[in-house]
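Single-letter residue listing:
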Amino acid sequence: MSNLIKRDLLLSFYSSANFFFTVSFFILILMLIPFAFGTQTEQLKVLFRGVVWIALALSIIITVDRIYNADYEDGNLDIIMQKNKTIEYLIISKYITHWFIYCLPLLVILPVLSFLFYLDYLETVQIFINLFIGSFGMVFIANFVSALTLGARRTIFLKAIIMIPLFVPFIIFGSDAGSWPILLALSMLSFVISIYVTAYGLRLYGE
Amino acid sequence: MNELKTENLSCKRGENIVLNNINFSIKSGETLVVKGRNGSGKTTLLRILSNFITSYEGKVLFNDVGISDDNLYNSKFNLIGQKNSLKENLSIKKNLELWDILFNEALNHAKLLEHNNLYHLINKDVSSLSDGQKKCISLHRLNYNKCDMWFLDEPFVFLDEVNTNLLIEKINQFNENMGTVILTSNINLPKKFHKEINI
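Okay, so let's go over this structure. (Residues numbered from 1 in each chain as written. Chains lettered and ligands numbered in written order. Predicted model: local features only at pLDDT ≥ 70, side-chain atom pairs only at ≥ 80, totals over all residues.)

This next bit is on the overall build of chain B. Regarding its fold elements, chain B presents 5 helices and 9 strands. For chain B, whose C-alpha radius of gyration is 17 Å, the value lies close to the compact-globule estimate of 16 Å for 199 residues. Dimensions of chain B, computed from C-alpha atoms along their principal axes, come out at roughly 50 × 35 × 35 Å. In chain B, which comprises 199 residues, the proportion classed as buried is 32%. The contacts in chain B between residues at least 6 apart in sequence include a share of 72% that link residues at least 24 apart. (Helix = DSSP H or I, 4+ residues; strand = E, 2+ residues; numbered from the N terminus. Rg over C-alpha atoms; globule rule 2.2 N^0.38 Å. Buried ≥ 20, exposed ≤ 12 C-beta atoms within 10 Å, placed from the backbone. Contact = placed C-beta atoms within 7 Å.)

So, in structure tokens, the structure goes:
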């Protein structure tokens, strides 16, 4: 398990453009708000709360191909599956690395961005907590979608169409400050479903 | 002395019957060549033997125990499939580092690659290599994992004469150390191996 985490982290470090691009993508989507809706302070604050979730959802969608598909296409998944007899450990290490590589950088940059949108300290903390908890649930969903669509190549649209409706509950509750317990419940629920469905997808892969 | 054998092995893929009543047995120190036309199920057979495909009829036994019941079976073989398991946008050196972590074993790559005259390419990106060179690097994985069996899927494809002979020599050496090799091939090999089946 720890070997796979180490290997995935090193892989993302070597192709460091990966997470650099995700962070840039996240920032750029948020930067579109003032261009589209104007620069009134109150309006920016309200929009930021919602659009930050859309930006997170889109950033996760563009990285979904890197979870299992890249390793499937070049054959590394064979080695990974053979070396990790307990498939659940394999899946959990993929959750950890995917969150660490693609969600953590977004959370780190979040305080700077919310400062630019005139949000105060307390509001930033609320958004941060919601995003922190919700991002796990979204990563779990992205993982099982990736595992279920392994054989289908270059199907980012299909994956997006499956994932976006599943992200809706996170976005509804996420933009509401103080609803972190509901997000926590949603994340835990998606963990339970995801680990089962991902394992099913990966077992099908062998077939 | 290990023995791997199949009893009445059959496998269906959708409506198609890919493998029909395959019976063979192979002992330590032997090499089995699986021959057959394109689409005859050679790769499927290797994936069944590697425990990736589990829905089949008949039995696959390793030392008289079903392979899916043996918890240690996965550490007993090394499978080199048709995909090279190389990241195209990274250099060979970085790919080898990633393998070292996955296999949990640090090899002396310089010495081993020099043997195939590949060491001078180590800083090149995989995407700039020829198919034959990629195959050689892919076969370099056989050095990991001191295991009992090698499953090789079309290992001679893209290899030139020198590298083909080097691989045959390597297989012979592995056989001498009581290793078992099962390889698929649909070309005529320059050397006769112990056993051959047609599927």
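It is worth spelling out the nonpolar core at this point. Counting 87 residues, the largest nonpolar core has Leu-56 and Met-138 of chain A together with Phe-151 of chain B as its most contacted members. When residues of this core are assigned to domains, at least three map to each of domain 1 (1-76 + 147-199) and domain 2 (85-146) of chain B. (Core = buried A, V, L, I, M, F, W, Y, C linked by C-beta atoms within 7 Å. Domains from an automatic or database assignment.)

The next point concerns the environment of Leu-19 of chain B. Within the fold, Leu-19 of chain B resides in strand 2 (residues 16-27). Contact partners of Leu-19 of chain B, with chain neighbours within four places excluded, come to Leu-9, Ser-10, Cys-11, Gly-41, Thr-44, Leu-45 and Ile-199 of chain B.

Attention now moves to the sheet that holds strand 1 (residues 3-13) of chain B. All names here are of chain B. Here we have 4 strands laid out as an open sheet, ordered 2-1-4-5, and antiparallel in their pairing. The two strands at the open ends of the sheet, each matched to only one other strand, are strand 2 and strand 5 (65-66). With 5 bridges joining them, strand 1 and strand 4 (residues 57-62) adopt antiparallel strand pairing. By the bridge assignment for strand 4, Glu-7 is matched with Lys-59. Contacting strand 1, strand 2 and strand 4, helix 1 (residues 42-49) crosses the sheet at an angle of about 55 degrees to strand 2. (Pairing = 2+ DSSP bridges. Axes fitted to C-alpha atoms, helices over the stretch in contact; angles between N-to-C directions.)

Bringing the interface of chain A and chain B into the picture now. You'll often see interface size given as the accessible area lost when the parts meet. In this complex, chain A contributes 18 residues to the contact, which on the side of chain B involves 22 residues. Breaking the side of chain A that touches chain B down by element, the ones donating at least two residues are helix 1 (2-14) and helix 5 (76-83) of chain A. Looking at the side of chain A that touches chain B residue by residue, the class counts come to 5 nonpolar, 6 polar and 7 charged. (Nonpolar A, V, L, I, M, F, W, Y, C, P; charged D, E, K, R; others polar.)

All names here are of chain A. Running from N to C, helix 3 (residues 41-63) and helix 8 (residues 156-174) cross one another at 150 degrees; their axes reach a closest spacing of 10 Å. With respect to each other, helix 3 and helix 8 are oriented roughly antiparallel. Note that helix 3 runs across helix 8; the crossing there is right-handed. Judged by residue contacts, Trp-53, Ala-57 and Ile-61 of helix 3 engage Lys-159, Ala-160, Met-163, Ile-164, Phe-167, Phe-170, Ile-171 and Gly-174 from helix 8. Classifying every residue of the contact of helix 3 with helix 8 gives 9 nonpolar, 1 polar and 1 charged. (Parallel < 35°, antiparallel > 145°, perpendicular 65-115°, else oblique. Left-handed = near helix turned anticlockwise from the far one by under 90°.)

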